[in-house]
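Summary of the model geometry
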Amino acid sequence: MKLLEKIAVLARDNPGYAALTGLTDALDYSSLMDEVKKVTTCLKEQGLQVIGLDADNTPSWVVIDLAALNANVCLVPLPPFFSAQQLQHAMQHAGIEGIFTDNPAKLLARTGNLNTSGSESLHVAGKKLSLIQTGISPRPLPDGVVKVTYTSGTTGEPKGVMLTGEQIQTVVDSLSDAVKPLPGDRHLPLMPLAVLLENLAGVYVSLFAGANTVLPGLAAVGLTGSVGLDAIAMLAIIERCRPSTLIMTPQLLQALIEVSADQVHILESLRFIALGGAPVSRSLLDKAEALKIPVYEGYG
């Protein structure tokens, strides 16, 4: 069963199950499906082939993502840590015709104030988003490509990885088999949703299981700018949200260990932490094991 089909079944059979929970708003599976259908209609009316998504980690991000998949429109998640040059490269390289954003002024400043052909507002999951037309012509993509996700660009120019719906579903299925997500799980994304690891392994797998994804925004989890991390804030949101699953890079795990050494009880709600994004040292894994932090290495 495909992801959107599974969400539709959950909306029918378990409509009141929590799907996405923000700081001030929440969507159960029935409401999530309604929001996805609303944005799907908007996308079809606009007739866009390739869209970008530049927004905070909130339920509205996920709704746009799923609606693009539902409308068979190629989505390009735009990482908040990209420089203006990297952002402009991704827009031109992928042929992004329009961008959904929750901060249009900031986006326009970072894109060199492109000559846009217009914009309109849309309320998605309780949040006002703008759809800005870029004036860029779409690039022809291979059949079936529904997402272009960009590498970090830390070792060179960001490269766009083209993904088909079939490839995405294969990953969701395999991860679901491996980690056995539960309907009662609460997943807390600690990385931007534009990062593929968090997008698929975090949000998609949780939704496929009928679980709840908690999305308080990047500032609430301690992420600011391109490299800023407030580990105390990260520990505080973990204590507040009581997640059962997290996805971390080794750097995030190191920060968590440093601030939680004397407060390990805060992590008692965790069923597992999936570790990826980069190689991890044996010594860091040993530290986590000593503190009884349920870390599982997924990198490689």
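Residues numbered from 1 in each chain as written. Predicted model: local features only at pLDDT ≥ 70, side-chain atom pairs only at ≥ 80, totals over all residues. Heavy atoms only, no water.

Remarks on unusual backbone geometry
With the exception of glycine, most residues fall at negative phi, and the peptide bonds are largely trans. Positioned with a positive phi, Ala125 is a non-glycine residue whose angle comes to about 50°. Assignment of secondary structure puts Ala125 in the loop between β6 (118-124) and β7 (127-133). Positive phi, close to 50°, is recorded for Lys180, a residue that is not glycine. (Helix = DSSP H or I, 4+ residues; strand = E, 2+ residues; numbered from the N terminus.)

Thoughts on the environment of Val73
Looking at where Val73 falls in the secondary structure, it is placed in the loop between α3 (59-71) and β4 (74-77). Sequence separation of Val73 and Ile51 is 22 residues, and the distance between their C-alpha atoms is 7.3 Å. For Val73, the contacting residues outside a window of four places in its chain are Leu43, Leu48, Gln49, Val50, Ile51, Ala68 and Val146. (Contact = heavy atoms within 4.5 Å.)

Observations regarding the packing of helix α6 (residues 165-179) against helix α7 (residues 196-209)
Interhelical geometry of α6 versus α7 gives an angle of 75° and a closest axis separation of 9 Å. Relative to α7, α6 is oriented roughly perpendicular. Mapping the contact onto sequence places Ile168, Gln169, Val171, Val172, Asp173, Leu175, Ser176 and Val179 in α6 and Leu200, Ala201, Tyr204, Val205 and Phe208 in α7. Each residue belonging to the contact of α6 with α7 can be placed in one class, and the counts come to 10 nonpolar, two polar and one charged. (Axes fitted to C-alpha atoms, helices over the stretch in contact; angles between N-to-C directions. Parallel < 35°, antiparallel > 145°, perpendicular 65-115°, else oblique. Nonpolar A, V, L, I, M, F, W, Y, C, P; charged D, E, K, R; others polar.)

Focus on the pairing of strand β8 (residues 145-150)
Of all six residues in β8, six are buried, a share of seventy percent or more. Two strands pair when backbone bridges link them, and β8 and strand β9 (residues 160-164) are joined in this way by five bridges, in the antiparallel orientation. Directly across from Val148, in β9, lies its bridge partner Met162. (Buried < 20%, exposed > 50% of the residue type's maximum accessible area, 1.4 Å probe, protein only. Pairing = 2+ DSSP bridges.)

As for empty space enclosed by the protein
It is a probe the size of a water molecule, rolled over the atoms, that shows where empty space is left. Inspection of the entire model under this criterion finds two cavities of 30 Å³ or more. In this structure, the second largest cavity spans a volume of roughly 30 Å³. Along the walls of the second largest cavity sit Leu53, Asp54, Ala55, Asn57, Trp61, Leu78, Pro80, Pro192, Leu193 and Ala194, which together make up its complete lining. For the lining of the second largest cavity, the class distribution of residues is eight nonpolar, one polar and one charged. (1 Å grid on protein atoms, 1.4 Å probe; cavity = no way out; pocket = protein on both sides within 12 Å on 5 of 7 lines; lining within 4 Å. Points joined across faces, edges and corners; volume = space filled by probe spheres on them.)

Some remarks on the pairing of β4
The side-chain alternation of β4 yields two buried faces, one formed by Cys74 and Val76 and the other by Leu75 and Pro77. In terms of strand pairing, strand β3 (residues 50-54) meets β4 through four bridges, oriented parallel. Within β4, the residue paired with Gly52 across the bridge is Val76. In this region the chain leaves β3, passes through α3 and returns to the parallel neighbour β4; the handedness of that crossover is right-handed. (Right-handed = clockwise from strand over helix to strand, strands pointing away.)

Looking at the packing of helix α1 (residues 3-13) against helix α2 (residues 29-46)
Following both chains from N to C, one finds α1 and α2 inclined at 130°, their axes separated by 8 Å at the closest point. As the angle between them shows, α1 and α2 are arranged oblique. Here α1 runs over α2; the crossing is left-handed. Of α2, the residues touching α1 (which contributes Leu4, Ile7, Ala8, Leu10 and Ala11) are Tyr29, Ser30, Leu32, Met33 and Val36. In terms of residue class, the contact of α1 with α2 is built from nine nonpolar, one polar and no charged. (Left-handed = near helix turned anticlockwise from the far one by under 90°.)

Points about the environment of Val39
The topology assignment puts Val39 in helix α2. Sequence separation of Val39 and Arg186 is 147 residues, and the distance between their C-alpha atoms is 25 Å. Look past the residues within four positions of Val39 in its chain and what remains in contact with it is Val63, Ile64, Ala67, Leu122 and Val124.

Describing helix α8 (residues 231-241)
Looking at α8, one finds that the buried residues are Ala231, Ala233, Met234, Leu235, Ile237, Ile238 and Cys241. Close packing links the buried residues of α8 with β10 (186-187), β11 (212-215), β13 (228-229), β14 (245-248) and α9 (250-260). Here α8 starts with a cap whose side-chain oxygen sits 3.1 Å from the backbone nitrogen of Ile232, and that cap is Asp230. (Polar contact = N/O pair within 3.5 Å; in protein donor to acceptor, adjacent residues only side chain to side chain.)

Comments concerning the side chain of Asn212
Summarising the element assignment, Asn212 is placed in strand β11. You can call Asn212 buried: its relative accessible area is 7%. Here Thr21 takes part through its side chain, which lies 3.1 Å from a polar atom of the side chain of Asn212. Residues in contact with Asn212, not counting those within four places in the same chain, are Ala18, Ala19, Leu20, Thr21, Asp185, Arg186 and His187.

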